[in-house]
Amino acid sequence: MDKTTIREGNVMSQINKSNIPHFDAVVVGAGFGGLYAVHKLKNELGLTVRAYDTGADVGGTWYWNRYPGALSDTQSYIYRYSFDKELLQESTWKNTYLTQPEIFEYLSHVADRFDLRSNYQFRTKVTAAHFNEETNLWQIMTDRGDEVTAKFFVTGLGLLSATNVPNFKGRETFKGEQYHTGAWPESGVDLKGKRVGVIGTGSTGVQLIIGIAPEVEHLTVFQRSAQYSVPVGKRPQSEEDIAKIKGNYGEIWKQVKSSAVAFGFDESTVPAVSVSKEEQDRVFEETWNKGGGFRFMFGTFSDIATNPEANEAACEFIRKKIREIVKDPETARKLTPTSLYAKRPLCDNGYYDTFNRDNVSLIDVKENPILEITSKGIRTTDGEYELDVLIYATGFDAVDGHYIKMDLRGRGGVSMREKWEDGPTGYLGITNTDFPNLFMILGPNGPFTNLPPSIETQVEWISDTVKYMVERNIKTIEPTQDAENEWLTTCSTIADATLFPKAESWIFGANIPGKKNSVRFYMGGLGNYRKVLEEVGYNGFAFDHAFSGKK
Ligand code: FAD
Ligand code: NA7
């Protein structure tokens, strides 16, 4: 290898003597993460980049989740990139929260602005990626027969992207239409005048149910777990308010990136258990009226997600609201959760109220489990529900889902699928031992936050690291096993101090039958995560033999 050659692409093309196309970097995913990675690597570092997405266009989550009612529950002003000051000033919005078409349009605009589409091959799934120890290159294969090599392999596969369709008996026999919310047809679905069944009442189900209830003839909701949901607080935002935000973005992003959940508010430092019941209710009521799920869980009191007594106070407040809103006592009973409030906090635009409609009915499938899907609909233990359309709002094989679907192999042919059998791992949520030069955006054990600022943090770390390596002719970087283990312990210790592991949800992988329930997030907050990245430098990383450097 000629170490004097400056451009990585040129260097590598000398190693790669076959006719396989070579790129400095391959990026997978065209969501917030992948798009920013392509921009940084191509436009700032001048590398050659090939990118892939299974979808037909950019957008990631916001390409796939086109179901009626799809909405971000991060406020509009911070559900976006912060890196481009002009873009921040140019972009605008109408309401405090963005709908799917608005976010899709925003990401499309970003792709055009930075000429990112030309790097993508769409409608292409990466099926395998193997690290070759002789060449120190990744060999990447797709379902369309492509084979390319790259020095850097950047995966923005999405946390909530691999759809989960439960394996109900008889699913294939249903004669009507079936959809998953996370793979909603681009052409839309006409639900007018139809009998529609929805399985699932998580964040997605809640939005969808509100979105379609006015349109369908009858909506039957199949609920496994009742949910705690608070109002989202979606309101029109005036030009004056938007101008004020735009004038203050410097401070806003500073606050967001140094906070814990990065949702634009200061997390409370007051424990609920330190104040009277009247004060608790006053704060809950005030926050209920403002809106926002994360704000309700983290902005009201400091101990809702950690202390069972404080958690119960929040639960009781929400239960009281459900009883007040829902007119039919039996429906209210079914909608009222008794469990901990410790899943990703939900918020909505009139969820409980939707069950006051005459054309909406609720089936509790814990009380009456689903036995099978029939040709006509769904059969539970209390009878058959006839449907024209069946919608799965059953969530995702979150965090590691797309990684383990891919044949991803590192040093010595070690398979990621096997390595992660007992739960996914990742040093700093970005890198993995035995997988040199693999950089995961939102990989396992990354921050649990409003995601664009975390994505930016990680992509910037990745691009800085790539630059560092290119400038020094470093061949490979990977974390040591000790560093990876220590990070896992850190993440487990923090998570175990919260109530989240006690609730069954995708946050710990508990929503997928057979999956090991294990820690998948760094719950120490974005501010602390950024400090860790800063302080760690390249400690815990091994570079290739020719070089042993420190930041
Ligand atoms: P994604 O946007 O998920 O993109 C990943 C892409 O990778 C996909 O397009 C997929 O097709 C592609 N891909 C995966 N595997 C392969 C493969 N093998 N080959 C080719 N392509 C592949 N987050 C928030 O912070 N706030 C919110 O309010 C919020 N609301 C959400 C609402 C919904 C309905 C959902 C599903 C998620 C929401 N999220 C929210 C999380 C959201 O996923 C992130 O905010 C963000 O969009 C993730 O961007 P990403 O680029 O990491 O991944
Ligand atoms: P979630 O939050 O995982 O919700 C999925 C829903 O589907 C939830 O109500 C599940 O019930 C239900 N579900 C899953 N499997 C079944 C079966 N087999 N039978 C009946 N019901 C089932 O996914 P979402 O898409 O709503 O949200 C994911 C994230 O995307 C969200 O947090 C936001 O960040 C955006 P359960 O509650 O597990 O009993």
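Residues numbered from 1 in each chain as written. Chains lettered and ligands numbered in written order. Predicted model: local features only at pLDDT ≥ 70, side-chain atom pairs only at ≥ 80, totals over all residues. Heavy atoms only, no water.

1. Remarks on the overall build of the protein
In step 1: Each helix and strand counted, the protein has 18 helices and 24 strands in total.
In step 2: Taken against the 2.2 N^0.38 rule, which gives 24 Å for 551 residues, the C-alpha radius of gyration of the protein at 24 Å falls within 12% of a compact globule.
In step 3: Overall, the protein is about 75 × 55 × 45 Å in size when its C-alpha atoms are taken along their principal axes.
In step 4: By residue count, 59% of the 551 residues in the protein fall in the buried class.
In step 5: Counting contacts in the protein only where the partners sit at least 6 residues apart, residues at least 24 apart contribute 71% of the total. (Helix = DSSP H or I, 4+ residues; strand = E, 2+ residues; numbered from the N terminus. Rg over C-alpha atoms; globule rule 2.2 N^0.38 Å. Buried < 20%, exposed > 50% of the residue type's maximum accessible area, 1.4 Å probe, protein only. Contact = heavy atoms within 4.5 Å.)

2. Details of the sheet that holds strand β16 (residues 377–380)
Paired through backbone hydrogen bonds, the strands of a sheet run either parallel or antiparallel to each other.
In step 1: Across the sheet, 3 strands lie side by side as β15-β16-β17; this open sheet has antiparallel pairing. Each of the sheet's edge strands pairs with one partner strand only, and the pair in question is β15 (370–373) and β17 (383–386). If you compare each strand with its neighbour and ignore which way they point, the axes differ by 20 degrees on average.
In step 2: Pairing between β15 and β16: 3 bridges, direction antiparallel. Bridging from a neighbouring strand, I373 pairs with I378 of β16. (Pairing = 2+ DSSP bridges. Axes fitted to C-alpha atoms, helices over the stretch in contact; angles between N-to-C directions.)

3. Digging into the pattern of salt bridges
If the charged atoms of two oppositely charged side chains come close together, the side chains can form a pair.
In step 1: A full pass over the atoms with the stated rule returns 34 salt bridges.
In step 2: Across the pair K194 and E177 runs a salt bridge whose closest N-O atoms are separated by 3.5 Å. With K194 in the loop between β9 (177–180) and β10 (195–199) and E177 in strand β9, this pair connects stretches of sequence that are 17 residues apart.
In step 3: Accessibility expressed as a relative area gives 29% for E177, which makes it partly exposed.
In step 4: A salt bridge links R409 to D407, with the nearest nitrogen and oxygen atoms 2.7 Å apart.
In step 5: Judged by its relative accessible area of 29%, R409 falls in the partly exposed class.
In step 6: You can call D407 partly exposed: its relative accessible area is 22%.
In step 7: Several salt bridges converge on common partners, so that one network encompasses D397, D400, K405, K515 and R520. (Salt bridge = Lys/Arg side-chain N within 4 Å of Asp/Glu carboxyl O.)

4. Focus on the environment of T394
In step 1: Locating T394 in the fold gives a position in the loop between β18 (389–392) and α14 (401–405).
In step 2: Residues T394 and A56 lie 338 residues apart in sequence; the distance between their C-alpha atoms is 23 Å.
In step 3: From its side chain, T394 meets the backbone oxygen of N164 in a polar contact 2.6 Å long. (Polar contact = N/O pair within 3.5 Å; in protein donor to acceptor, adjacent residues only side chain to side chain.)

5. Some points on the confidence of the model for the protein
In step 1: Averaged over all residues, the pLDDT of the protein equals 95, while 95% of them reach at least 70.
In step 2: In this model, residues 1–15 is a region of pLDDT below 50 whose contacts with residues beyond four sequence positions or in other chains number 27 contacts.
In step 3: Note that residues 546–551 has pLDDT below 50 and, in this model, 11 contacts with residues that lie over four places away or in other chains. (pLDDT = per-residue confidence, 0-100.)

6. Description of the packing of aromatic side chains
In step 1: Enumeration according to the criterion identifies 46 aromatic pairs in this entry.
In step 2: Centroid distance F296 to Y341: 6.3 Å. Interplanar angle 65 degrees. Geometry classified as edge-to-face. With a gap of 45 residues between them, F296 in helix α10 (residues 293–299) and Y341 in the loop between α12 (329–335) and β13 (346–348) connect regions that are remote in the sequence. Y341 matches F296 in its accessibility class, with the two residues each being buried.
In step 3: Of the aromatic side chains, those joined through ring pairs into one cluster are F32, Y36, W62, Y79, Y81, F83, Y106 and F114.
In step 4: Taking NZ or CZ as reference, R66 lies 4.8 Å from the ring centre of F104, over its face.
In step 5: Between the NZ or CZ atom of R80 and the centre of the ring of Y106, over which it lies, the distance is 5.2 Å. (Phe/Tyr/Trp six-rings, centres within 6.5 Å; stacked < 30°, edge-to-face > 60°. Lys NZ or Arg CZ within 6 Å of the ring centre and 35° of its normal.)

7. Points about the site of ligand 2
In step 1: The environment of ligand 2 is formed by 19 residues, the closest being T201, T204, R224, S225 and R344.
In step 2: Within the contact set of ligand 2, an oxygen atom lies 3.0 Å away from a backbone nitrogen or oxygen of S203.
In step 3: A distance of 2.4 Å is found between an oxygen atom of ligand 2 and a side-chain nitrogen or oxygen belonging to S225.
In step 4: Surface burial for ligand 2 is 86%, taken as the share of its 770 Å² of free accessible area covered by protein chains. (Near = heavy atom within 4 Å. Areas by Shrake-Rupley, 256 points an atom, 1.4 Å probe, with all protein chains shown as cover.)

8. Some details on unusual backbone geometry
Across residues other than glycine, the phi torsion is negative in most instances, and most of the peptide bonds are trans.
In step 1: Residues other than glycine seldom take positive phi values, yet L428 does so here, at roughly 60 degrees.
In step 2: Examined against the element boundaries, L428 turns out to sit in the loop between α15 (416–419) and β20 (438–440).
In step 3: Of note in this structure, D434 is not a glycine but carries a positive phi near 75 degrees.

9. Some points on empty space enclosed by the protein
In step 1: Using the criterion set out here, one finds 1 cavity of 30 Å³ or more in the structure.
In step 2: Estimates place the volume of the largest cavity at around 60 Å³.
In step 3: If you go around the largest cavity, the residues you meet are D73, Q75, Y97, F263, F265, G291, G292, G293, F294 and R295.
In step 4: When contributions to the lining of the largest cavity are tallied by element, the ones reaching two or more residues are β3 (71–75) and α10. (1 Å grid on protein atoms, 1.4 Å probe; cavity = no way out; pocket = protein on both sides within 12 Å on 5 of 7 lines; lining within 4 Å. Points joined across faces, edges and corners; volume = space filled by probe spheres on them.)

10. Some thoughts on helix α2 (residues 32–44)
In step 1: A rise of 1.5 Å per residue sets the reference length of α2, with its 13 residues, at 18 Å; its end C-alpha atoms lie 17 Å apart and thus fit the reference within 8%.
In step 2: Burial analysis of α2 places 11 of its 13 residues in the buried class, which makes it a mostly covered element.
In step 3: Within α2 the residues assigned to the buried category are F32, G33, G34, L35, Y36, A37, V38, H39, K40, L41 and K42. (Expected span 1.5 Å × (residues − 1).)

11. Things to note about the domain arrangement of the protein
In step 1: Each domain of the protein was delimited in the assignment, giving domain 1 (21–162 + 398–543) and domain 2 (199–392).
In step 2: Placing the centre of domain 1 and that of domain 2 at their C-alpha centroids yields a distance of 28 Å.
In step 3: Taken together, the contact between domain 1 and domain 2 spans 43 residues of the former and 44 residues of the latter.
In step 4: Together domain 1 and domain 2 conceal approximately 3800 Å² of surface at their shared face, both sides included; 61% is due to carbon and sulfur atoms.
In step 5: Together, D73, Y77 and L499 form the three largest contributors to the area buried by domain 1 at its contact with domain 2, with a combined 18%.
In step 6: Summed over the shared surface of domain 1 and domain 2, the number is 2 salt bridges.
In step 7: Where K257 meets E456, a salt bridge forms, and the shortest distance between an N and an O atom there is 3.9 Å.
In step 8: Counting only elements with at least two residues in the side of domain 1 that touches domain 2, the list comes to β3, α4 (85–90), β4 (97–99), α16 (451–471) and α18 (526–536).
In step 9: Looking at which element gives the most residues to the side of domain 1 that touches domain 2, the answer is β3, with 4 residues. (Domains from an automatic or database assignment. Buried area = accessible area lost by both parts, 1.4 Å probe.)

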